[in-house]
Amino acid sequence: MNTVTEAQSLHRHEFTAMASPCCFHLPDLPGIHTLAQQMEEEVRRIEQKYSRYRHDSVLSRLNAHAGQTSVVDAETAWLLNYAKVCFEQSDGFFDISSGILRSVWDFRTPTLPDTTDLQRLLPRIGLGRLTLNANELWMPADMELDFGGIGKEYAADCAAAIARNAGVHQGIVDLGGDLHILGPKISAQGEEPWLLGVRHPRKPEQAIAQLPVYRGGMATSGDYERYFELDGRRYCHLLNPQSGWPVSHWASVTVLAPSCLLAGTLSSIAMLREAAAVDWLKEQDVHALLIDPALQLQPLTPAA
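Since this is a predicted model, take the numbers as computed values, not measurements. (Residues numbered from 1 in each chain as written. Predicted model: local features only at pLDDT ≥ 70, side-chain atom pairs only at ≥ 80, totals over all residues. Heavy atoms only, no water.)

Trainee: So what about the side chain of Ser 57? Which residues, and what values?
Mentor: Turning to its location among the elements, Ser 57 is positioned in the loop between helix 1 (32-50) and helix 2 (58-64). A polar side-chain atom of Ser 57 sits 2.6 Å from the main-chain carbonyl oxygen of Ser 51. Apart from residues lying up to four places away in sequence, Ser 57 is in contact with Gln 48, Lys 49, Tyr 50 and Ser 51. (Helix = DSSP H or I, 4+ residues; strand = E, 2+ residues; numbered from the N terminus. Polar contact = N/O pair within 3.5 Å; in protein donor to acceptor, adjacent residues only side chain to side chain. Contact = heavy atoms within 4.5 Å.)

Trainee: An account of helix 5 (residues 151-165) is requested, with residue identities and associated values reported.
Mentor: Counted at 1.5 Å a residue, the expected span for helix 5 with its 15 residues is 21 Å, and the 21 Å between its end C-alpha atoms agrees. Burial analysis of helix 5 places eleven of its 15 residues in the buried class, the great majority of the element. Looking at the buried side of helix 5, the elements it contacts are strand 3 (20-26), helix 1, helix 3 (74-89), strand 7 (171-175), strand 8 (178-183) and helix 6 (260-273). Just past helix 5, the residue Gly 167 takes up positive phi, approximately 90 degrees. (Expected span 1.5 Å × (residues − 1). Buried < 20%, exposed > 50% of the residue type's maximum accessible area, 1.4 Å probe, protein only.)

Trainee: Describe the UniProt feature "binding site: Mg(2+)" (unreviewed entry) in the chain, and please don't skip the residues or the numbers.
Mentor: The sites that carry the UniProt feature "binding site: Mg(2+)" (unreviewed entry) are, in the present numbering, Gly 149 and Ser 268. A maximum C-alpha distance of 8.2 Å among these annotated residues, which run over 120 residues, shows that they cluster at one spot. When only the residues just named are considered, the largest pocket is lined by Gly 149 and Ser 268. Within the secondary structure, Gly 149 sits in the loop between strand 6 (136-138) and helix 5. Mapped onto the secondary structure, Ser 268 falls in helix 6. Owing to a relative accessible area of 13%, Ser 268 belongs among the buried residues under this scheme. Leave out the neighbours within four places in its chain, and Ser 268 touches Phe 94 and Ser 221. (UniProt positions renumbered as here; feature names shortened; annotations may be inferred. 1 Å grid on protein atoms, 1.4 Å probe; cavity = no way out; pocket = protein on both sides within 12 Å on 5 of 7 lines; lining within 4 Å.)

Trainee: Tell me about the packing of helix 3 against helix 6, residues and numbers included.
Mentor: As a packed pair, helix 3 and helix 6 sit with axes 12 Å apart at the nearest point and diverge in direction by 30 degrees. For helix 3 against helix 6, the interelement crossing comes out right-handed. Facing helix 3, whose interface residues are Trp 78, Tyr 82, Cys 86 and Gln 89, helix 6 presents Leu 261, Leu 262, Thr 265 and Arg 273. Residues that form the contact of helix 3 with helix 6 fall into these classes: five nonpolar, two polar and one charged. (Axes fitted to C-alpha atoms, helices over the stretch in contact; angles between N-to-C directions. Left-handed = near helix turned anticlockwise from the far one by under 90°. Nonpolar A, V, L, I, M, F, W, Y, C, P; charged D, E, K, R; others polar.)

Trainee: Break down the sheet that holds strand 3 for me, with residues and values.
Mentor: Strand order in the open sheet made by the eight strands is 2-3-7-8-13-16-17-18, with antiparallel pairing throughout. With one partner strand each, in any of the chains shown, strand 2 (11-17) and strand 18 (297-300) form the two edges of the open sheet. When the angles between neighbouring strand axes are averaged without regard to direction, this sheet yields 15 degrees. Judged from the four bridges that link them, strand 3 and strand 7 form a sheet pairing that is antiparallel. If you follow Cys 22 over to strand 7, its bridge partner there is Leu 175. Where helix 5 meets the sheet, its contacts fall on strand 3, strand 7 and strand 8, and the angle it forms with strand 8 comes to roughly 20 degrees. Here helix 6 sits on the sheet and contacts strand 8, strand 13 (216-222) and strand 16 (252-257); the angle it forms with strand 13, its principal contact strand, is near 25 degrees. (Pairing = 2+ DSSP bridges.)

Trainee: Which residues make up the packing of aromatic side chains, and what are the values?
Mentor: Tallied over the entire structure, the rule returns ten aromatic pairs. Pairwise contacts between aromatic rings join Trp 105, Phe 107, Phe 228, Tyr 235 and Trp 245 into one cluster. The ring of Tyr 227 carries the charged tip of Arg 234 above its face, separated from the ring centre by 3.9 Å. (Phe/Tyr/Trp six-rings, centres within 6.5 Å; stacked < 30°, edge-to-face > 60°. Lys NZ or Arg CZ within 6 Å of the ring centre and 35° of its normal.)

Trainee: A description of the pattern of salt bridges should follow, citing residues and the corresponding values.
Mentor: Following the criterion strictly, the structure yields 19 salt bridges and no others. As a salt-bridge pair, Glu 225 and Arg 199 come within 3.4 Å of each other at their nearest N and O atoms. Taken together, the positions of Glu 225 in the loop between strand 13 and strand 14 (227-230) and Arg 199 in strand 11 (residues 194-199) put the pair 26 residues apart, joining distant regions of the chain. Residue Arg 199 is classed as buried on the basis of its relative accessible area, which comes to 11%. For the salt bridge of Arg 202 with Asp 223, the shortest nitrogen-to-oxygen distance reads 2.8 Å. Within this pair, whereas Arg 202 is found in the loop between strand 11 and strand 12 (207-213), its partner Asp 223 is found in the loop between strand 13 and strand 14, the two being separated by 21 residues in sequence. Salt bridges sharing partners connect three or more residues here, namely Glu 42, Arg 45, Lys 49, Asp 73 and Glu 75. (Salt bridge = Lys/Arg side-chain N within 4 Å of Asp/Glu carboxyl O.)

Okay, structure coming up:
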């Protein structure tokens, strides 16, 4: 989760969606309340369409028809194609079919899953088994999809697009710490970056660093959202889809990218790649901040 630390001069539109506190920081212009409401409605539309908690969502319908061919709309086809590309380019680490692991991992109690139960789930994971031709989707009967790893970031980008289409090119869309920065701050000195706080992995109410950002997406993946500690080890909700076990190499990874969706995807993949994350992020040519469990900061900047 990231925090906006400089937005006092802007109109704040606050609401709760996707189980997260959300806020739009927008220029206080005529009609901005109506625009903010339209942006909020877009976030809620995406939540309703792709929530795994709603039996009437598109996602629930697709999962209910696993083993059969389903016709999907253009938006859903785009998201599925995006997820497939991410799966392929991450060597299988980013996998929206790995959500079934939550059936054996309960982070509300410090209990490890039964190894046999865990191993039984692994063959059901693997987005490469899914077939998508134009708007026709087929996935195995034992597969279950979960858009939880991309839905909030995608919604942030969609809300930002509504603002830009209305001529608003300043401000921040913040959906539970997943950020889309519309454009720089405007001051008497001209354009300035926003100073955006990166959450302290061990002190949730504090920022451990600030990053200057003019525009684009910013997202963080970390080991602190859902976790438990057992025998001196932290077990977090970020699960390697190939082993079924939590990652442990980084406390958090923050990435800046052209979109919030891309930033969120890259930060998640970096956490899952563990020790190989630094070299992999360098290949992606993005700004990033990696924090290890000892709270040592490792910033990365794109090659000149």
